[in-house]
Amino acid sequence: QKEVEQDPGPLSVPEGAIVSLNCTYSNSAFQYFMWYRQYSRKGPELLMYTYSSGNKEDGRFTAQVDKSSKYISLFIRDSQPSDSATYLCAMNKGGSYIPTFGRGTSLIVHP
Amino acid sequence: GAGVSQSPSNKVTEKGKDVELRCDPISGHTALYWYRQSLGQGLEFLIYFQGNSAPDKSGLPSDRFSAERTGGSVSTLTIQRTQQEDSAVYLCASSLVAGGPRNEQFFGPGTRLTVL
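Values in this document were obtained by computation on a predicted structure and should not be read as measured data.

Quick notes on the overall build of chain A
Consideration 1: A count of helical and extended segments in chain A gives 0 helices and 11 strands.
Consideration 2: In chain A, the order of α-helices and β-strands from amino to carboxyl end is β-β-β-β-β-β-β-β-β-β-β.
Consideration 3: Taking 13 Å as the expected radius of gyration for a compact globule of 111 residues, we find that chain A reaches 13 Å, a close match to that expectation.
Consideration 4: For chain A, the C-alpha atoms occupy an extent of roughly 40 × 25 × 20 Å along the three principal directions.
Consideration 5: Long-range contacts, defined as pairs at least 24 residues apart, comprise 55% of the intrachain contacts of chain A with a sequence gap of at least 6.

Encoded structure:
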């Protein structure tokens, strides 16, 4: 079993929909949680960063961490075709500088 | 300013040949990472450099893989005697410091390696 599990999709939604992307993890040592967005043929770029449990909002994006359930989510409101990309979750253990990445979920937002 | 650059963008090689992949990090970034991304897979950590410290090579899959970083800047990932299973996108990332987990990594566009 991988330390971080993420459904690869693809997830196809209509423009304007609310998107929910999720990851589960098995190691309770993970403390820092990130979401990266990766467009085709590009490197990943950091979208959201959260520490410990709770919610963090940035524009149309909300990151949610539930450490008790070992479950993290990224919500995208009013999704746009430009949001079509692969979204990777990543997480760090305390004191580690090397994140563990999920496989990524491919999101397609169609007009 | 300039981001992380990688060269070549694409590399096709024959099985058994050696390849060198280059990464130019963002100027002033002390930490540099190499990852491998295979089709449908997440990012697999390969090696990490931080300043003048000994690199963390714990992710290198075999002794055919090596990397160096000269002058704390440019890095080269070398794969000797390439195998077909080495085919993947090799991504380089740099971060300003590695003094804590909030070390936002900036990724290059990757080198797509195909071993025939």
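Now that the structure has been shown, we can carry on.
Observations regarding the nonpolar core
Consideration 1: One finds Trp35, Ile72, Leu74, Tyr87 and Met91 of chain A to be the most contacted residues of the largest nonpolar core, which totals 23 residues.
Consideration 2: Secondary structure elements with two or more residues in this core: β3 (19–25), β4 (30–38), β5 (45–51), β7 (61–66), β8 (71–76), β9 (85–93) and β11 (105–110) of chain A.
Consideration 3: Counting residues in each nonpolar core, the second largest holds 20 residues, with Cys23, Leu46, Leu77 and Cys92 of chain B among its members.

Concerning the pairing of β8 of chain A
Residue and element names in this part refer to chain A.
Consideration 1: Relative to β8, β3 runs antiparallel, the two sharing 6 bridges. The residue of β8 that forms the bridge with leucine 21 is leucine 74.
Consideration 2: Here β7 folds back onto β8, and the loop between the two strands holds 4 residues, one of which, lysine 70, carries a positive phi near 55 degrees.

A short note on the state of the cysteines
Consideration 1: Per the counting criterion, the structure on display carries 2 disulfides over all chains.
Consideration 2: Across the disulfide from cysteine 23 of chain A sits cysteine 89 of chain A; the S-S distance is 2.0 Å. Every disulfide takes its handedness from the sign of the S-S torsion; for cysteine 23 of chain A and cysteine 89 of chain A that torsion is -100 degrees, giving left-handed. A residue pair is termed long-range when its members are at least 10 positions apart, and cysteine 23 of chain A in strand β3 and cysteine 89 of chain A in strand β9 qualify at 66 residues. The residues cysteine 23 of chain A and cysteine 89 of chain A share a single accessibility class, namely buried.
Consideration 3: Between the sulfur atoms of cysteine 23 of chain B and its disulfide partner cysteine 92 of chain B the distance amounts to 1.9 Å. When the S-S torsion is -65 degrees, as for the bridge of cysteine 23 of chain B with cysteine 92 of chain B, the disulfide is left-handed. Taken together, the residues cysteine 23 of chain B in strand β3 (residues 19–24) and cysteine 92 of chain B in strand β8 (residues 88–95) connect sequence positions 69 residues apart.

Some points on the interface of chain B and chain A
Consideration 1: Each partner contributes to the interface: chain B provides 24 residues, whereas chain A provides 18 residues.
Consideration 2: Between chain B and chain A, roughly 1,800 Å² of surface is buried when both sides are summed, and carbon and sulfur atoms account for 57% of that area.
Consideration 3: Taken together, the connections running from chain B to chain A amount to 0 salt bridges.
Consideration 4: Our enumeration of links across chain B and chain A arrives at 2 residue pairs in polar contact (both at pLDDT 80 or more).
Consideration 5: Among the secondary structure elements, those contributing two or more residues to the side of chain B that touches chain A are β4 (31–37) and β5 (43–50) of chain B.
Consideration 6: A breakdown of the residues in the side of chain B that touches chain A according to their chemical character gives 10 nonpolar, 10 polar and 4 charged.

Thoughts on the sheet that holds β7 of chain A
All names here are of chain A.
Consideration 1: Taking strand neighbours across the sheet as the criterion, the 5 strands line up as β1-β3-β8-β7-β6 in an open arrangement whose pairing is antiparallel. The sheet is open, and its two edges are formed by β1 (4–5) and β6 (54–58), each paired on a single side.
Consideration 2: When β7 meets β8, the two strands line up antiparallel, connected through 6 bridges. What sits directly across from alanine 63, in β8, is leucine 74.

Reading the values: rules and limits
Residues numbered from 1 in each chain as written. Chains lettered and ligands numbered in written order. Predicted model: local features only at pLDDT ≥ 70, side-chain atom pairs only at ≥ 80, totals over all residues. Heavy atoms only, no water. Helix = DSSP H or I, 4+ residues; strand = E, 2+ residues; numbered from the N terminus. Rg over C-alpha atoms; globule rule 2.2 N^0.38 Å. Contact = heavy atoms within 4.5 Å. Core = buried A, V, L, I, M, F, W, Y, C linked by side-chain atoms within 4.5 Å. Buried < 20%, exposed > 50% of the residue type's maximum accessible area, 1.4 Å probe, protein only. Pairing = 2+ DSSP bridges. Disulfide = S-S within 2.5 Å. Buried area = accessible area lost by both parts, 1.4 Å probe. Salt bridge = Lys/Arg side-chain N within 4 Å of Asp/Glu carboxyl O. Polar contact = N/O pair within 3.5 Å; in protein donor to acceptor, adjacent residues only side chain to side chain. Nonpolar A, V, L, I, M, F, W, Y, C, P; charged D, E, K, R; others polar.

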